[in-house]
Amino acid sequence: NAGVMQNPRHLVRRRGQEARLRCSPMKGHSHVYWYRQLPEEGLKFMVYLQKENIIDESGMPKERFSAEFPKEGPSILRIQQVVRGDSAAYFCASSPPPPSTRVFFGSGTQLSVL
Amino acid sequence: GESVGLHLPTLSVQEGDNSIINCAYSNSASDYFIWYKQESGKGPQFIIDIRSNMDKRQGQRVTVLLNKTVKHLSLQIAATQPGDSAVYFCAETGGQAGTALIFGKGTTLSVSS
């Protein structure tokens, strides 16, 4: 049973470009979370999605950031017009439907903005 | 020996010692707390969890203690090994849906042989 798969592992973008980060949850998991981690800091919650539905986006920046989890395919975190401050590690996690609280993390995507 | 105290960003111990990592949480309504271990270049790895109606839970070489009065969580690692070296984070449930994990500040554990 493969774990949470994220790709790419490393992504380099120039300022103003778009970044697309992909996450395939564990088999049987229908809930996905995205987190951002700056160097030397903890993980900051961004968004929580179910298939075709955003449940909680209270941690998402108001502009340039969006997330989706379509019926088919991986969850996508999209960052438009990237700036240097977007450079961070972005982690995806998945869980079975509540009431399960067991959350499993992927290995992350390291985004570097030049 | 043991190392106990308020939240410390780093903790250095000798192999074989017991380690205690502390965490203060903020949301008294949280009903679930988890400890994660993060090694360099990897995602957080689940260690142990505890529900708010408990004050202690034991796993293999690890014990989590929950003190709801002072909103304090601790992770005890027995007979610490070099492979335990990592950053340790506590997390509580929160967010609008109550299921997002809200992470605390990490503690870097360094184990020397």
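Residues numbered from 1 in each chain as written. Chains lettered and ligands numbered in written order. Predicted model: local features only at pLDDT ≥ 70, side-chain atom pairs only at ≥ 80, totals over all residues. Heavy atoms only, no water.

Trainee: What's the story with the interface of chain A and chain B in this structure? I'm lost.
Mentor: Interface size is commonly expressed as the accessible surface area that is lost when the partners come together. Across the boundary between the two partners, chain A contributes 20 residues, which contact 20 residues of chain B. In total, about 1500 Å² of surface goes out of reach between chain A and chain B, with carbon and sulfur atoms giving 56% of it. When the buried surface of chain A facing chain B is broken down by residue, Leu43(A), Thr101(A) and Phe105(A) rank first, second and third, together holding 29% of it. Our count for the contact surface shared by chain A and chain B stands at 1 salt bridge. In this assembly, chain A and chain B are joined by 4 residue pairs in polar contact (both at pLDDT 80 or more). Listing elements by their share of the side of chain A that touches chain B, those giving two or more residues are β4 (31-37), β5 (43-50) and β6 (53-56) of chain A. (Contact = heavy atoms within 4.5 Å. Buried area = accessible area lost by both parts, 1.4 Å probe. Salt bridge = Lys/Arg side-chain N within 4 Å of Asp/Glu carboxyl O. Polar contact = N/O pair within 3.5 Å; in protein donor to acceptor, adjacent residues only side chain to side chain. Helix = DSSP H or I, 4+ residues; strand = E, 2+ residues; numbered from the N terminus.)

Trainee: Is there a simple way to explain the sheet that holds strand β3 (residues 19-24) of chain A in this structure?
Mentor: Whenever strands of a sheet pair, they do so through backbone hydrogen bonds, lying parallel or antiparallel. Residue and element names in this part refer to chain A. Strands sit in the order β1-β3-β8-β7 across an open sheet of 4 strands; the sheet is antiparallel. The two strands at the open ends of the sheet, each matched to only one other strand, are β1 (5-7) and β7 (65-68). Strand-to-strand twist across the sheet, computed as the mean angle between neighbouring axes with direction ignored, equals 15°. Pairing of β1 with β3 involves 3 bridges; the strand directions are antiparallel. Bridging across to β3, Asn-7 finds its partner in Arg-22. (Pairing = 2+ DSSP bridges. Axes fitted to C-alpha atoms, helices over the stretch in contact; angles between N-to-C directions.)

Trainee: It is not clear to me how the pairing of strand β8 (residues 86-94) of chain B should be interpreted in this structure. Could you clarify?
Mentor: Two faces make up the sheet, and in a regular strand the side chains alternate between them. Residues and elements named next belong to chain B. With 8 of its 9 residues buried, β8 lies for the most part within the structure. Across 6 bridges, strand β3 (residues 32-38) lies against β8 in antiparallel orientation. Looking at the pairing, Tyr-36 lines up with Phe-89 of β8. Direction of pairing for β8 relative to strand β10 (residues 107-112): antiparallel, over a ladder of 3 bridges. Considered in β10, the bridge of Tyr-88 is made with Thr-107. One ladder, built from 4 bridges, connects β8 with strand β9 (residues 100-103); its direction is antiparallel. Bridge pairing links Thr-93 to Leu-101 in β9. Hairpin geometry of β8 and β9 is characterised by an intervening segment of 5 residues between the two adjacent antiparallel strands and by a positive phi of about 80° at Gly-95. (Buried < 20%, exposed > 50% of the residue type's maximum accessible area, 1.4 Å probe, protein only.)

Trainee: Is there a simple way to think about the layout of surface pockets in this case?
Mentor: Remark: the empty space left among the atoms is shown by a probe the size of a water molecule rolled over them. When its volume is computed, the largest pocket comes out at roughly 660 Å³. Forming the walls of the largest pocket are 34 residues, and the residues nearest its centre are Gln37(A), Leu38(A), Glu40(A), Glu41(A) and Gln38(B). Taken together, the residues of the lining of the largest pocket break down into 11 nonpolar, 16 polar and 7 charged. (1 Å grid on protein atoms, 1.4 Å probe; cavity = no way out; pocket = protein on both sides within 12 Å on 5 of 7 lines; lining within 4 Å. Points joined across faces, edges and corners; volume = space filled by probe spheres on them. Nonpolar A, V, L, I, M, F, W, Y, C, P; charged D, E, K, R; others polar.)

Trainee: I tried to follow the packing of aromatic side chains on my own but got confused; where do I start?
Mentor: Two aromatic rings, taken as a pair, are described by how far apart their centres are and by the angle between their planes. This structure, assessed with the given rule, holds 10 aromatic pairs over all chains. Note on Tyr25(B) and Phe33(B): the rings are 4.4 Å apart at their centroids and 50° apart in plane angle, and the pair reads as tilted. Each member of the pair Tyr25(B) and Phe33(B) is classed as buried. An aromatic cluster is defined as three or more aromatic residues linked by ring pairs; in this entry it consists of Tyr35(A), Phe45(A), Phe105(A), Tyr36(B), Phe46(B), Phe89(B) and Phe103(B). The residue whose ring lies beneath Arg102(A) is Phe46(B), and the NZ or CZ to ring-centre distance is 4.0 Å. (Phe/Tyr/Trp six-rings, centres within 6.5 Å; stacked < 30°, edge-to-face > 60°. Lys NZ or Arg CZ within 6 Å of the ring centre and 35° of its normal.)

Trainee: It is not clear to me how the side chain of Ser19(B) should be interpreted in this structure. Could you clarify?
Mentor: All names here are of chain B. Locating Ser-19 in the fold gives a position in strand β2 (residues 19-24). Given the relative accessible area of 0%, Ser-19 is considered buried. A distance of 2.7 Å separates a polar atom in the side chain of Ser-19 from a polar atom in the side chain of Thr-80. Leaving out residues up to four positions away in the same chain, Ser-19 has contacts with Leu-11, Val-13, Leu-75, Gln-76, Ile-77, Thr-80 and Leu-109.

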